[in-house]
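One-letter residues, chain by chain:
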Amino acid sequence: MLLQGKAHKFGNDVNTDYIISGKYKFKTLDMQELAKHVMEDLDPDFYRKINAGDFIVAGRNFGCGSSREQAPLAIKHARISAVLAKSFARIFYRNAINTGLPVVECDTDQIDPGDELVVDLSTGVITNKTKGLTIAAKPLPPVMIKILNDGGLVAHFRKYGGFNFD
Amino acid sequence: MGQTIIEKILSSHSGQEVYANDIVVARVDFIMGQDGTSPLAIRAFEEMGGSKVFDPDRVALVIDHSAPSPNEGVSALHQLMRRFAREKGIHLYDIGEGVCHQVVPESGRVGPGTLVIGADSHTCTYGALNAFSTGVGSTDLAGALISGQMWFKVPETFKFVCHGTLPRGVYAKDLILYLIGDVTADGATYMAAEYTGEAIAGLSMDGRFTIANMAIEMGAKAGLMEADEKTFAWLARFTRRQFIPVSPDPDARYARIKEYDVSNLEPQVARPHRVDNVCPVAEVAGTPIQQAVIGTCTNGRLEDLRIAAQILAGKRIHRDVRLIVAPASKRIYLQAMQEGIIQTLVESGAAVVTPGCGPCVGTHNGVPSDGENVISTANRNFKGRMGNSKAFIYLASPATVAASALTGRITDPREFLG
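Residues numbered from 1 in each chain as written. Chains lettered and ligands numbered in written order. Predicted model: local features only at pLDDT ≥ 70, side-chain atom pairs only at ≥ 80, totals over all residues. Heavy atoms only, no water.

**Focus: the pairing of strand β2 (residues 55-58) of chain A**
Residues and elements named next belong to chain A.
- Because side chains alternate across β2, one face comprises the buried residues Phe55 and Val57, and the other comprises Ile56 and Ala58, equally buried.
- Two elements, strand β1 (residues 2-9) and β2, share three bridges in a ladder whose sense is parallel. Residue pairing for β2: His8 is matched across the bridge by Ile56.
- Two strands pair when backbone bridges link them, and β2 and strand β3 (residues 82-85) are joined in this way by four bridges, in the parallel orientation. Across the sheet, Ala58 pairs through a bridge with Ala85, a residue of β3.
- Each parallel crossover has a hand, and for β2 linked through helix α5 (residues 70-77) to β3 it is right-handed. (Buried < 20%, exposed > 50% of the residue type's maximum accessible area, 1.4 Å probe, protein only. Helix = DSSP H or I, 4+ residues; strand = E, 2+ residues; numbered from the N terminus. Pairing = 2+ DSSP bridges. Right-handed = clockwise from strand over helix to strand, strands pointing away.)

This is the structure:
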């Protein structure tokens, strides 16, 4: 699958409270409503700057903190096509795959804010069109590729009635 | 080949001998969801085509994060949980029962060798009981509710060996803040943190829960300890179930081992806005504070309330400070009442709120104003964590928080301990 868009860049340790603050997530299951507040404490105008398909690009330990699945869902509903980071926190990483948000572990130092990127999820190759270079992503474990290809864990369960990794 | 604690637990629950980096589907012994995560899990459960829960006796839902409800949006989500629990025959801990990470261990359902998942990142707390427990999201929770299983990548283990005895005025909270400051917020990402050594053995169970609780703040999947007579004495208060303790093999493989001597450790403080921005209390002593919080799944236990009461007894908190106290469970609340702790705290000026997550997560019960400094016994000081991104949160032990509430400034608690 080819994803294409512009990079919005953040630093290290972007935690789940920054992604979607606890004060919103308890109120509603309407993810479209939550999406309007995505990254609000880091950049109050962030939601308005997003064009469909854009990427969040960050440093180390993206998604640290809470187990709230509202975090990847708010990003997805804000029409971000994938998150690229040097590393991810464990629960966020699982939650993203389970809810069908692609997460890509790679060297993000070679991406600047506003760079135009093409991400090929099947090969794990990221093309930075602005800089004219390619970056290789760390591959996902096979179980996660399977869940992502099935469309997330809900779709995986609907298809198989349970876990099926054979 | 020797195995770590987590490799042994994942082996016994997957029916095969597994080692770090293997991927397994394992059966879970207990599942927990709270009110911030269960509503999405219920939705995912229904979307997955779930009709019944694999074993209602092995599931608990806890309303603790916004309890009692502050608005109708939350009330609707609570109603959804109550209805789901009733329909599926699941035990629901309603408002006032306490924080999930206190009421689940008090249920006697988790203990040595068990495998527990909870839709809350601090589910790693039960590692203090020699369980492998870990935080998951709502969709993983839904999958487990249906199947009684979850898939795991077996983590490598980071062993923390803590020698010595904690000095007077220095507590488990200071030790875990120090360790997180040392290895940083992603220093143990994906790993299981195994805590050992005489400093850990010397801690009470309340102290051990505090250490295991914050394993996630260094990125770890779990924070595990061996079981000993203290573990079994604690469990005997709540259950007659027999658990089989799990110890690491002498030749178990560790990804990292770090040794510490805690004998000269000082009270520690995590400064805004990072949990690993840790320093000795002396470096920030004198910083004015406007709100102090004692409670949360990290430090709302009886020992914590006792320490605070010891410092506050017969004194009044500073006139510029609000002190909020949230006992971790109803059981703890009642015990603290019987011991006169609650009276001491209230007389000193504390506002005691419903057992639960209180102000920690920023939904209600003590949102700070712009520019205010808060000192809290919680486990996170992220910007905006308590509901206001213009406030500043410092994390410390109950003793440091109590001493600071008295003076209105961040204060070394040893000044108030005889």
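**A word on the pairing of β1(A)**
- The sheet contact formed by β1(A) and strand β5 (residues 116-120) of chain A spans five bridges and is antiparallel. Across the sheet, A:Lys6 pairs through a bridge with A:Glu116, a residue of β5(A).

**What to know about the sheet that holds strand β3 (residues 59-62) of chain B**
Residues and elements named next belong to chain B.
- Reading across from one edge, β4-β3-β2-β5-β6 is the order of the five strands in this open sheet, with parallel pairing throughout. The strands lining the two open edges of the sheet, one partner per strand, are β4 (91-93) and β6 (132-135). With direction set aside, neighbouring strand axes in the sheet form an average angle of 20°.
- Direction of pairing for strand β2 (residues 30-34) relative to strand β5 (residues 115-119): parallel, over a ladder of four bridges. Bridge assignment links Gly33 to a residue of β5, and that residue is Ala119. (Axes fitted to C-alpha atoms, helices over the stretch in contact; angles between N-to-C directions.)

**What about helix α1 (residues 5-14) of chain B?**
- Across the ten residues of α1(B), eight count as buried, placing the element largely inside the fold.
- When we look at burial in α1(B), the residues that qualify are B:Ile5, B:Ile6, B:Glu7, B:Ile9, B:Leu10, B:Ser11, B:His13 and B:Ser14.

**Examining the side chain of B:Thr400**
All names here are of chain B.
- By the secondary structure assignment, Thr400 is in helix α14 (residues 398-407).
- Thr400 sits in the buried class, given a relative accessible area of 0%.
- The residues contacting Thr400, other than those within four sequence positions of it, are Pro267, Val269, Val281, Ile375, Thr411 and Pro413. (Contact = heavy atoms within 4.5 Å.)

**Quick look at the nonpolar core**
- In this structure, B:Phe160, B:Leu175, B:Leu179, B:Tyr195, B:Met218 and B:Leu323 are the most contacted members of the largest nonpolar core, which totals 106 residues.
- The contact partners of B:Phe160, leaving out residues within four places of it in the chain, are B:Leu179, B:Val183, B:Ala193, B:Glu194, B:Tyr195, B:Thr196, B:Met218, B:Lys258 and B:Tyr260.
- Grouped together as the second largest cluster of nonpolar side chains are 84 residues, A:Met31, A:Phe88, B:Ile42 and B:Ile117 included. (Core = buried A, V, L, I, M, F, W, Y, C linked by side-chain atoms within 4.5 Å.)

**Focus: the packing of helix α2 (residues 38-47) of chain B against helix α5 (residues 138-147) of chain B**
Residues and elements named next belong to chain B.
- Packing of α2 against α5 brings their axes to within 8 Å, and their N-to-C directions diverge by 55°. In terms of their interaxial angle, α2 and α5 are classed as oblique. Along this stretch, α2 crosses α5, giving a crossing that reads as right-handed. For the pair α2 and α5, the contacting residues are Leu40, Ala41, Ala44 and Phe45 in the first and Ser138, Thr139, Leu141, Ala142, Leu145 and Ile146 in the second.
- Split by residue class, the contact of α2 with α5 holds eight nonpolar, two polar and no charged. (Parallel < 35°, antiparallel > 145°, perpendicular 65-115°, else oblique. Left-handed = near helix turned anticlockwise from the far one by under 90°. Nonpolar A, V, L, I, M, F, W, Y, C, P; charged D, E, K, R; others polar.)

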